[in-house]
Amino acid sequence: PDTHAPRRFETTVPQQALYLMNGPFLFEQAERLAARAGEGSESERVRRMFQFALSRQPSDDELALALEFVARGSESLAPSSWVNGYGEYDASAQRIRNFQKLPHWTGAAWQGGPKLPDPTLGWSLLLPGGGHAGNDQAHATVRRWVAPAAGKITTKGKLKHSTDQGDGVRGRIVSSRSGLAGEWIAKTSSAEAAVSDFAVEAGDTIDFVVDCRGESSFDSFVWTIEIRLDPPAAGRAKWQSVSDFAGPGPAPPSPWTRFAQALLMSNEFTFVD
């Protein structure tokens, strides 16, 4: 503290950086700064935010970088590729109809309500590596993958039904574009449930569907799924039902809030000489 420092260089330490990235107070200020920038063109908003935070206008290079930052942030807000739900397989159309998200998250599973069986959705349940079919054909469990880009997919996975009781389960892979891609039955056995070189377009849904066949007793199943997309989308080529499985997360910050936070994390804002 007693050392003379006529010019300040890089002095942000990890604790400061982590606080600026994660501290709720700074995040609240970033939201307020983004809101204060108001409406107008993106360039106008960037200029106002620079003026409010740093008391100056951005250079041409800074303006270009800021606009690119906001644009890339908008792309990253795309919804998750997996949706855990239920629905009914329409054999005539070869599509899933009445698809709905499973409404209750237990902390480890998606299901119809806090207790099973749920009065409406019965035993419908999805876990990272499997689940339980619903009580009837209208409540088949559906693990839905949404294609982020065009290409060809190859899936891997085995549908397993372990108990010797009940009538087993039926698995299907169904495309929103081309219909039924495969169908398998597992009763006290396992079946290779996968497709190869299957064409998709951006926004297509691929549903991994399990129903109870006849009765719903003893219809727990295992079906761990891996999807590979060629060519990769935004640098990602593989999705897995186990490692990607998650509960509801907080809404991500808007690209403008992220940009405001970046300004507030800068040395130019943090340190006033």
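For the structure, see preceding data.
All of the points below concern the structure found in this document.

Below, the discussion takes up the overall build of the protein. When helices and strands are tallied, the protein shows six helices and 17 strands. Its C-alpha radius of gyration of 25 Å places the protein more than 25% over the 19 Å reference for a compact globule of 273 residues. Taken along its principal axes, the extent of the C-alpha atoms in the protein is 80 × 35 × 35 Å. Summarising the internal contacts of the protein: among those between residues at least 6 apart in sequence, 65% fall at separations of at least 24. Of the side-chain charges in the protein, 28 are positive and 32 negative, and the distance between the mean point of each set is 2 Å.

Its place among the elements puts T141 in strand β7 (residues 140–146). Judged by its relative accessible area of 1%, T141 is buried. With sequence-adjacent residues up to four places away left out, T141 is seen in contact with G85, Y86, S124, L125, L126, H132, A133, G134, F208, V209, V210 and F221.

We now examine helix α5 (residues 255–264). Of all 10 residues making up α5, eight are buried, and the element is well covered by its neighbours. Residues P255, W256, T257, F259, A260, Q261, L263 and L264 constitute the buried set of α5.

Next up on the list: the sheet that holds strand β11 (residues 179–186). The six strands are arranged β2-β1-β7-β14-β10-β11 in an open sheet whose pairing can be described as antiparallel. The sheet is open, and its two borders are formed by β2 (95–101) and β11, each paired with just one other strand. For this sheet the average axis-to-axis angle between neighbouring strands, irrespective of direction, equals 30°. Relative to strand β14 (residues 205–211), β7 runs antiparallel, the two being bridged by six bridges. When the sheet's bridge partners are listed, V142 is paired in β14 with V209.

It is worth spelling out the packing of aromatic side chains at this point. Tallying each qualifying case throughout the model produces eight aromatic pairs. Considering the side-chain rings of F50 and F259, the 6.2 Å spacing of their centres and the 40° angle between planes classify their relative orientation as tilted. Of this pair, F50 sits in helix α3 (residues 42–54) while F259 is found in helix α5, placing the two residues 209 residues apart along the sequence. Look at W184 and W223: their rings are 6.5 Å apart centre to centre, the planes differ by 75°, and that puts the pair in the edge-to-face class. With W184 in strand β11 and W223 in strand β15 (residues 220–223), the pair connects residues that are 39 residues apart, well separated along the chain.

This paragraph deals with the nonpolar core. Ranked by internal contacts, the top residues of the largest apolar core, which has 32 residues, are W145, I153, L159, I206, F208, W223 and I227. Within the residue set of this core, elements represented by two or more residues are β1 (82–90), β10 (169–175), β11, β13 (198–200), β14, β15 and β16 (226–233). Counting residues in each nonpolar core, the second largest holds 19 residues, with L26, A30, M49 and L63 among its members.

Now for the pattern of salt bridges. Overall, the coordinates contain 13 salt bridges when judged by the stated rule. Across the salt bridge formed by R172 and E183, the nearest N and O atoms sit 3.2 Å from each other. Of the two residues, R172 sits in strand β10 while E183 sits in strand β11, which places them 11 residues apart along the sequence. R172 serves as the salt-bridge partner of D211, at 2.9 Å between the closest nitrogen and oxygen. A residue pair is termed long-range when its members are at least 10 positions apart, and D211 in strand β14 and R172 in strand β10 qualify at 39 residues.

Moving on, we come to the sheet that holds strand β3 (residues 104–105). Spatial strand order, β3-β4-β5-β6-β15-β9-β12: seven strands in an open sheet with antiparallel pairing. Among the strands making up the open sheet, the edge pair consists of β3 and β12 (189–192). Sheet topology note: the β3/strand β4 (residues 110–111) ladder contains two bridges and is antiparallel. In the sheet register, H104 faces β4, and the bridge partner there is Q111.

Turning next to empty space enclosed by the protein. All chains considered together, the criterion is met by two cavities of 30 Å³ or more. Taken as a whole, the largest cavity spans an internal volume of roughly 50 Å³. Elements with a minimum of two residues in the lining of the largest cavity: β7, β14 and β15. At three residues, the largest contribution of residues to the lining of the largest cavity is made by β7. Its volume calculated, the second largest cavity comes out at about 30 Å³. What lines the second largest cavity is W82, N84, R143, S241, D244 and F245. Residues of the lining of the second largest cavity, tallied by class, amount to two nonpolar, two polar and two charged.

Cut-offs and rules
- Residues numbered from 1 in each chain as written.
- Predicted model: local features only at pLDDT ≥ 70, side-chain atom pairs only at ≥ 80, totals over all residues.
- Heavy atoms only, no water.
- Helix = DSSP H or I, 4+ residues; strand = E, 2+ residues; numbered from the N terminus.
- Rg over C-alpha atoms; globule rule 2.2 N^0.38 Å.
- Contact = heavy atoms within 4.5 Å.
- Lys, Arg positive; Asp, Glu negative; His and termini not counted.
- Charge placed at Lys NZ, Arg CZ, Asp CG, Glu CD.
- Buried < 20%, exposed > 50% of the residue type's maximum accessible area, 1.4 Å probe, protein only.
- Pairing = 2+ DSSP bridges.
- Axes fitted to C-alpha atoms, helices over the stretch in contact; angles between N-to-C directions.
- Phe/Tyr/Trp six-rings, centres within 6.5 Å; stacked < 30°, edge-to-face > 60°.
- Core = buried A, V, L, I, M, F, W, Y, C linked by side-chain atoms within 4.5 Å.
- Salt bridge = Lys/Arg side-chain N within 4 Å of Asp/Glu carboxyl O.
- 1 Å grid on protein atoms, 1.4 Å probe; cavity = no way out; pocket = protein on both sides within 12 Å on 5 of 7 lines; lining within 4 Å.
- Points joined across faces, edges and corners; volume = space filled by probe spheres on them.
- Nonpolar A, V, L, I, M, F, W, Y, C, P; charged D, E, K, R; others polar.

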